[in-house]
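Each chain, written out:
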Amino acid sequence: GIQVEQSPPDLILQEGANSTLRCNFSDSVNNLQWFHQNPWGQLINLFYIPSGTKQNGRLSATTVATERYSLLYISSSQTTDSGVYFCGGGYALNFGKGTSLLVTP
Amino acid sequence: GAVVSQHPSWVICKSGTSVKIECRSLDFQATTMFWYRQFPKQSLMLMATSNEGSKATYEQGVEKDKFLINHASLTLSTLTVTSAHPEDSSFYICSAREGISQPQHFGDGTRLSIL
């Protein structure tokens, strides 16, 4: 199956800072999604982005399908952004190990 | 739109019992549904993929006789953990998709604890 590598594994930011999370795929994927998992385990869908760039408020994502990677940008981070961010890709989403983000006041 | 409902959200039961988890797409028809398992501090691991009316396709290492999946309609899939043991305790999450080039929508998950 498709291997998904996420970086960085852990990230600590001060409120207001910007960050970039990365996802690399071992093969091309037709489906690609970014999620935020909250402390209760709920997966919040952030973007469905097999290619191109999308923006939603302070979040944006870019997928370069030909180079098999995707980036998630978080601008002006807030404490509520804390949690684990997962990317997944493939016919059935295969997930990376996630990036654990902590935003401090 | 695109809501997936999963029940129950929490189950505690004795070793040896069977547990059924339901996954429903509430406002769309799901041609494909997926079941994942997540251990604490780990990623989501795909267990199986099911298409309506067909047998589920299990990932390598997942016991099909232990984890029975039924996808009887375009809005309902069930996962039955048979003769559950403590090592089956985990967080199980389902997802559903309307079409191949469509996003997967996830349920809120089921926390299963086997005593």
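Computed from a prediction, not measured in an experiment: that's the story for all the values here. (Residues numbered from 1 in each chain as written. Chains lettered and ligands numbered in written order. Predicted model: local features only at pLDDT ≥ 70, side-chain atom pairs only at ≥ 80, totals over all residues. Heavy atoms only, no water.)

J.: Even after reading the chapter, I still don't get the overall build of chain B, so can you show me in this structure?
T.: Per the secondary structure count, chain B includes zero helices and 11 strands. Along chain B, helices (α) and strands (β) appear in the sequence β-β-β-β-β-β-β-β-β-β-β when read from the amino end. What you see for chain B is a C-alpha radius of gyration of 13 Å, in line with the 13 Å of a compact globule of 115 residues. Considering only C-alpha atoms, chain B reaches an extent of 40 × 25 × 25 Å along its principal axes. (Helix = DSSP H or I, 4+ residues; strand = E, 2+ residues; numbered from the N terminus. Rg over C-alpha atoms; globule rule 2.2 N^0.38 Å.)

J.: Explanation requested: the state of the cysteines in the structure shown.
T.: Two cysteines joined by a covalent bond between their sulfur atoms form a disulfide. Taken as a whole and judged by the stated rule, the model has two disulfides over all chains. At a sulfur-sulfur separation of 1.4 Å, the disulfide partner of A:Cys23 is A:Cys87. Across the S-S bond of A:Cys23 and A:Cys87 the torsion is about 50°, and the bridge reads as right-handed. Of this pair, A:Cys23 sits in strand S3 (residues 19-25) while A:Cys87 is found in strand S9 (residues 83-89), placing the two residues 64 residues apart along the sequence. The buried category is assigned to A:Cys87, whose relative accessible area is 0%. Residue pairing for B:Cys23: its cysteine sulfur links by disulfide to B:Cys94, the two sulfurs lying 2.0 Å apart. Across the disulfide from B:Cys23 to B:Cys94, rotation about the S-S bond amounts to roughly 80°, and the bridge is consequently right-handed. Residue B:Cys23 is located in strand S3 (residues 19-25), and its partner B:Cys94 is located in strand S9 (residues 90-97); the two are separated by 71 residues in the primary sequence. (Disulfide = S-S within 2.5 Å. Buried < 20%, exposed > 50% of the residue type's maximum accessible area, 1.4 Å probe, protein only.)

J.: Before we go on, may I ask you to explain the sheet that holds strand S7 (residues 59-64) of chain A in this structure?
T.: Sheets are built from strands that pair by backbone hydrogen bonding, the pairs being arranged parallel or antiparallel. Residue and element names in this part refer to chain A. Taken in spatial order, the five strands line up as S1-S3-S8-S7-S6 in an open sheet, and their pairing is antiparallel. Edge positions in the sheet fall to strand S1 (4-7) and strand S6 (52-56), since each of these pairs with one other strand and no more. For this sheet, the mean inter-axis angle between neighbouring strands, taken without regard to orientation, is 15°. (Pairing = 2+ DSSP bridges. Axes fitted to C-alpha atoms, helices over the stretch in contact; angles between N-to-C directions.)

J.: Please explain empty space enclosed by the protein as it appears in this structure.
T.: Once rolled over the atoms, a probe with the size of a water molecule shows which space is left empty. Residues and elements named next belong to chain A. Evaluation of the coordinates by the stated rule reveals one cavity of 30 Å³ or more. Approximately 40 Å³ is the volume attributed to the largest cavity. Asp27, Ser28, Val29, Leu32, Pro50, Thr63, Ala65, Arg68 and Tyr69 together form the lining of the largest cavity. Classifying every residue of the lining of the largest cavity by side-chain character gives five nonpolar, two polar and two charged. (1 Å grid on protein atoms, 1.4 Å probe; cavity = no way out; pocket = protein on both sides within 12 Å on 5 of 7 lines; lining within 4 Å. Points joined across faces, edges and corners; volume = space filled by probe spheres on them. Nonpolar A, V, L, I, M, F, W, Y, C, P; charged D, E, K, R; others polar.)

J.: For this particular structure, what's the right way to read the pattern of salt bridges?
T.: A side chain with one charge may pair with a side chain of the opposite charge, provided their charged atoms come close. All names here are of chain B. Tallying each qualifying case throughout the model produces three salt bridges over all chains. For glutamate 22, the salt bridge goes to arginine 24, with nearest N and O atoms at 3.4 Å. Judged by relative accessible area, which is 27%, glutamate 22 ranks as partly exposed. Look at arginine 24 and you get partly exposed, because its relative accessible area is 35%. (Salt bridge = Lys/Arg side-chain N within 4 Å of Asp/Glu carboxyl O.)

J.: Teacher, can you tell me more about the sheet that holds strand S1 (residues 4-7) of chain B here?
T.: Residues and elements named next belong to chain B. Read from one edge of the open sheet, four strands run S1-S3-S8-S7, paired in antiparallel fashion. Two strands close off the open sheet at either side, each with one partner strand: S1 and strand S7 (67-73). Neighbour-to-neighbour, the strand axes of this sheet turn through a mean angle of 15°, independent of strand direction. Note: S3 against strand S8 (residues 76-81), six bridges, orientation antiparallel. From the neighbouring strand, isoleucine 21 faces S8, where its bridge partner is leucine 79.

J.: Quick question: what am I supposed to make of the interface of chain A and chain B here?
T.: One frequently used descriptor of interface size is the decrease in accessible area upon assembly of the parts. Taken residue by residue, the interface counts 17 residues in chain A and 21 residues in chain B. Together, the buried faces of chain A and chain B total about 1500 Å²; carbon and sulfur atoms form 52% of this surface. When the area that chain A buries against chain B is broken down by residue, the three leading residues are A:Leu43, A:Tyr91 and A:Phe95, summing to 32%. The tally of links between chain A and chain B comes to zero salt bridges. Between chain A and chain B we count 10 residue pairs in polar contact (both at pLDDT 80 or more) in total. For the side of chain A that touches chain B, the residue count by class is 10 nonpolar, six polar and one charged. (Contact = heavy atoms within 4.5 Å. Buried area = accessible area lost by both parts, 1.4 Å probe. Polar contact = N/O pair within 3.5 Å; in protein donor to acceptor, adjacent residues only side chain to side chain.)

Geometry only, nothing functional implied.
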